[in-house]
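Structural characterization, general
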Amino acid sequence: MIVLDANILYKGPDTVTTDLLQTIRAAGAEKVGIPSVALEELVAQRVNPYRERYEAASAAWKKIAEDTPWSLPQELPRVDIDRYARHWRQRFESVADNLAADADILNEALTREMNVLPPCKLVGADADNKGHKVGARDAAIWLTAVSYARAHPDETIYFVSANTHDFGNGAPYQHPMNEDLAGIEDRFVHLTNMNELVDLFTKRTAPDNEAVKAVLESPNTARLMGREAFRRMRSSRFRHSVLTRAHFECFDAEAIEEGPVVARGWINEPRGWLEHIGEARHTASGTTSGPRWSRDGPSSASPNSAGGDRGWSCAPGGPRSLSAQPSRARSRHC
């Protein structure tokens, strides 16, 4: 089981990291889980700014309504914060299984914070050694991983966290973290980044290039790439979120000579086609490659562009990364 800390997924559920994790899960190489406390931390990172923006917008609208000589609605439509939280919880659960922390874990985590036992700590201490005790969440995350390891004696646990300040980077651990691992040290692997995880699960072998080529050149794959581009880079007219930005660089099909411009997302699902296959690589979790795809279709224009919805063409780098790169425009619409 790969157990993830929140900092591994802080960029969201649609990244190169999550693509890799989903590949590992789909291939059956390992299960992937996230402690419930870490999951709720990721959800809170999205819910709290959302709530704050709504409250600020409500206050601004109330002032506008008061200052307007004619009648306006006094309040903005209510937003469903719980629904918003459920949305993000489900998105992250599509990447990793939710490993629930039971009452014993939560009680022990709070006890460690009160007694400043690692991974908890005292911050802002003054001359009288007074400060703020923090770290109950870190302790709950750590203890959830340890609890899973003890409950599954036939599994190796790969605990992945970039928080080396509190968890360290492996043995020797401070007390009582060293005692937490007593008897399971040989199957509790502590990793500090995804690159270390990749090194564990990657083994170079000869891929079947013809099979890779057949998959990439199939119409089904082209349609899949178009759907995935629309899902990840949908126009803000359909999805408003500063956390999932849809902006990408491309060419206006009707003004190629003007050079690359910025689009604000696809309006409809774009058409995709394969430009070249790239290098195939076979690993313990499956075969990956770095093909280059082009996509074109109608998208929303940048605020700096003249006019409204226009046709664009762009070429994200490949199925493992949807960061856009400019390419030669071919068509205005799909």
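For the structure given in this document, a descriptive report is provided here.

Some points on the overall build of the protein chain
Looking only at helices and strands, the protein chain has 10 helices and 14 strands in total. For the protein chain, the residues scored as buried account for 42% of the 334 residues in total. Of the contacts made within the protein chain by residues no fewer than 6 positions apart, 68% connect residues no fewer than 24 positions apart. About 17,900 Å² of surface is accessible on the protein chain, with carbon and sulfur atoms providing 50% of the total.

Things to note about the packing of aromatic side chains
In total, this model carries 9 aromatic pairs according to the counting rule given. Aromatic pair tryptophan 142 and phenylalanine 167: ring centres 6.0 Å apart, planes at 25°, arrangement stacked. Remark: phenylalanine 167 occurs in helix H6 (residues 164-167) and tryptophan 142 occurs in helix H5 (residues 136-151); sequence separation between them is 25 residues. The class for tryptophan 142 is buried, based on a relative accessible area of 0%. Phenylalanine 167 sits in the buried class, given a relative accessible area of 2%.

Let's talk about the packing of helix H2 (residues 36-67) against helix H3 (residues 81-93)
H3 packs onto H2 with a crossing angle of 145° between their chain directions and a minimal axis gap of 9 Å. In this structure, the crossing between H2 and H3 has a hand that is right-handed. Between H2 and H3, the contacting residues are Leu39, Glu40, Leu42, Val43, Arg46, Val47, Tyr50, Arg51 and Arg53 on the first element and Ile81, Tyr84, Ala85, Trp88, Arg89, Phe92 and Glu93 on the second. Of the residues in the contact of H2 with H3, the class split is 10 nonpolar, no polar and 6 charged.

Considering the side chain of aspartate 5
When you line up the elements, aspartate 5 lands in the loop between strand S1 (2-4) and helix H1 (16-26). Notably, aspartate 5 is buried but unbridged: the nearest opposite-charge side chain belongs to arginine 137, and the N-O separation is 9.3 Å.

Some thoughts on the sheet that holds strand S6 (residues 157-160)
In spatial order, the strands read S3-S2-S1-S6-S7; together these 5 strands make up an open sheet with parallel pairing. Every interior strand has two partners, whereas the edge strands, strand S3 (97-99) and strand S7 (188-191), have only one. If you compare each strand with its neighbour and ignore which way they point, the axes differ by 30° on average. Two strands pair when backbone bridges link them, and S1 and S6 are joined in this way by 3 bridges, in the parallel orientation. When the bridges of S6 are listed, valine 3 appears paired with phenylalanine 159. Relative to S7, helix H8 (residues 194-201) is tilted by about 130°, and along the sheet it contacts S1, S6 and S7.

Observations concerning the packing of H2 against H5
The interhelical angle for the contact between H2 and H5, taken along N-to-C directions, is 135°, at an axis separation of 8 Å. With respect to each other, H2 and H5 are oriented oblique. Each of Val37, Ala38 and Glu41 in H2 lies in contact with H5, whose residues at this interface are Arg137, Ala140 and Ile141. Residue composition of the contact of H2 with H5, by class: 4 nonpolar, no polar and 2 charged.

Examining the pattern of salt bridges
Under the defined criterion, the tally for this structure stands at 9 salt bridges. The shortest N-O distance in the salt bridge between glutamate 155 and lysine 31 comes to 2.9 Å. Taken together, the residues glutamate 155 in the loop between H5 and S6 and lysine 31 in the loop between H1 and strand S2 (32-35) connect sequence positions 124 residues apart. Take glutamate 155: its relative accessible area is 17%, and that puts it in the buried class. Lysine 31 gets classed as partly exposed once you look at its relative accessible area, which sits at 38%. Between lysine 63 and aspartate 67 there is a salt bridge; the shortest N-O distance is 3.7 Å. With lysine 63 and aspartate 67 both in helix H2 and 4 residues apart, this pair spans about one turn of that helix. Overall, lysine 63 belongs to the partly exposed group, its relative accessible area being 48%. In this structure, a network of salt bridges that share partners links the residues Glu108, Arg112 and Asp180.

What counts and how
- Residues numbered from 1 in each chain as written.
- Predicted model: local features only at pLDDT ≥ 70, side-chain atom pairs only at ≥ 80, totals over all residues.
- Heavy atoms only, no water.
- Helix = DSSP H or I, 4+ residues; strand = E, 2+ residues; numbered from the N terminus.
- Buried < 20%, exposed > 50% of the residue type's maximum accessible area, 1.4 Å probe, protein only.
- Contact = heavy atoms within 4.5 Å.
- Areas by Shrake-Rupley, 256 points an atom, 1.4 Å probe, with all protein chains shown as cover.
- Phe/Tyr/Trp six-rings, centres within 6.5 Å; stacked < 30°, edge-to-face > 60°.
- Axes fitted to C-alpha atoms, helices over the stretch in contact; angles between N-to-C directions.
- Left-handed = near helix turned anticlockwise from the far one by under 90°.
- Nonpolar A, V, L, I, M, F, W, Y, C, P; charged D, E, K, R; others polar.
- Lys, Arg positive; Asp, Glu negative; His and termini not counted.
- Salt bridge = Lys/Arg side-chain N within 4 Å of Asp/Glu carboxyl O.
- Pairing = 2+ DSSP bridges.
- Parallel < 35°, antiparallel > 145°, perpendicular 65-115°, else oblique.

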